[in-house]
Amino acid sequence: DDGSLRAFVASRAHHADIGGISPGSMPADSRHIDEEGVLFNAFPLTRGGRFLEAELRQALAAGAMPSRNLEANVADLRAQLAANQRGAALLAHMDSTFGADLVSAYMAHVQDAAEEAVRRRISSIAEGQHALRMDNGATLQVRISPELDAAGRPGLHVDFTGTSAQTGDNFNAPKAVVKAALLYVLRCLIDDDIPLNEGCLRPVRLSVPEASLLSPRHPAAVVAGNVETSQCVVDALLGALGAQAGSQGTM
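Residues numbered from 1 in each chain as written. Predicted model: local features only at pLDDT ≥ 70, side-chain atom pairs only at ≥ 80, totals over all residues. Heavy atoms only, no water.

Quick notes on the layout of surface pockets
Its boundaries defined by the atoms lining it, the largest pocket holds a volume of some 1700 Å³. Lining of the largest pocket is provided by 45 residues; of these, Arg12, Ala13, His14, His15 and Ile18 occupy positions nearest its centre. Taken together, the elements giving at least two residues each to the lining of the largest pocket come down to α1 (53–60), α2 (70–98), α4 (175–189) and α5 (223–241). Sorting elements by how many residues they give to the lining of the largest pocket places α5 first, with 7 residues. Residue composition of the lining of the largest pocket, by class: 29 nonpolar, 14 polar and 2 charged. (1 Å grid on protein atoms, 1.4 Å probe; cavity = no way out; pocket = protein on both sides within 12 Å on 5 of 7 lines; lining within 4 Å. Points joined across faces, edges and corners; volume = space filled by probe spheres on them. Helix = DSSP H or I, 4+ residues; strand = E, 2+ residues; numbered from the N terminus. Nonpolar A, V, L, I, M, F, W, Y, C, P; charged D, E, K, R; others polar.)

Regarding helix α3 (residues 100–122)
Between its terminal C-alpha atoms α3 stretches 34 Å, which fits the 33 Å expected from 23 residues at 1.5 Å a residue. Within α3 the residues assigned to the buried category are Val103, Ala114, Glu115, Ala117, Val118, Arg119 and Ile122. Turning to α3, the residues buried within the fold contact α2, β5 (154–159) and α4. (Expected span 1.5 Å × (residues − 1). Buried < 20%, exposed > 50% of the residue type's maximum accessible area, 1.4 Å probe, protein only. Contact = heavy atoms within 4.5 Å.)

Some details on the packing of aromatic side chains
Each aromatic ring pair is characterised by the separation of its centres together with the angle its planes make. Per the stated rule, a full pass over the model turns up 1 aromatic pair. For the ring pair Phe40 and Phe43, a centre distance of 5.0 Å and an interplane angle of 65° mean the geometry is edge-to-face. Residue Phe40 is classed as partly exposed on the basis of its relative accessible area, which comes to 41%. Assessed through its relative accessible area of 29%, Phe43 is described here as partly exposed. (Phe/Tyr/Trp six-rings, centres within 6.5 Å; stacked < 30°, edge-to-face > 60°.)

Following this line, the structure appears as structure tokens:
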């Protein structure tokens, strides 16, 4: 009621096609991110309760290799908006049922519990490293080092220094993909029944070299980074932790 921002609601989806050099927008041979579909900065889909369909269509049709199926894109985005509206309505219902303060407190508790579960697990982790050579000749290099934070609590430094520079193919993985793979690995290590959330990453300090395979600069192609390199990151992390062997990891 006071106009302050309480929460974000989001939905993520894979669209069947957003343009690029091949149908499905996941070309095997892309070298430039423009070849993987329409690329744009964030812009509003709605304003004042109105769906900005004309502006959306203009964005999806822009560039040399635009979307091949605007109708499907628009329908999918309407569905995502509906999902967000449903999520917002459920959050509002929780607030009205339990009170905003209690809901916020429990949202914090969920993250705090995840943080403590990770700290308990990493307190027994030894230093380790792993180098993984990919099929395209690139190398993932990771070192896991236990450390203590300013409060003396167990933490972990995950350092990808030594990883290959970004490549000319499309196996480059944006840093967000690396964080997702790390979050997955941490969750796999924990026996506690906790929901996946940001609290899991609080005890971890992540170092990724810029302009590398795992933090590429524009206009690097990245379409295989999410589905192939991500799994190699998982294999490398599990190897450095001594937790499990990996072979030909792929999504």
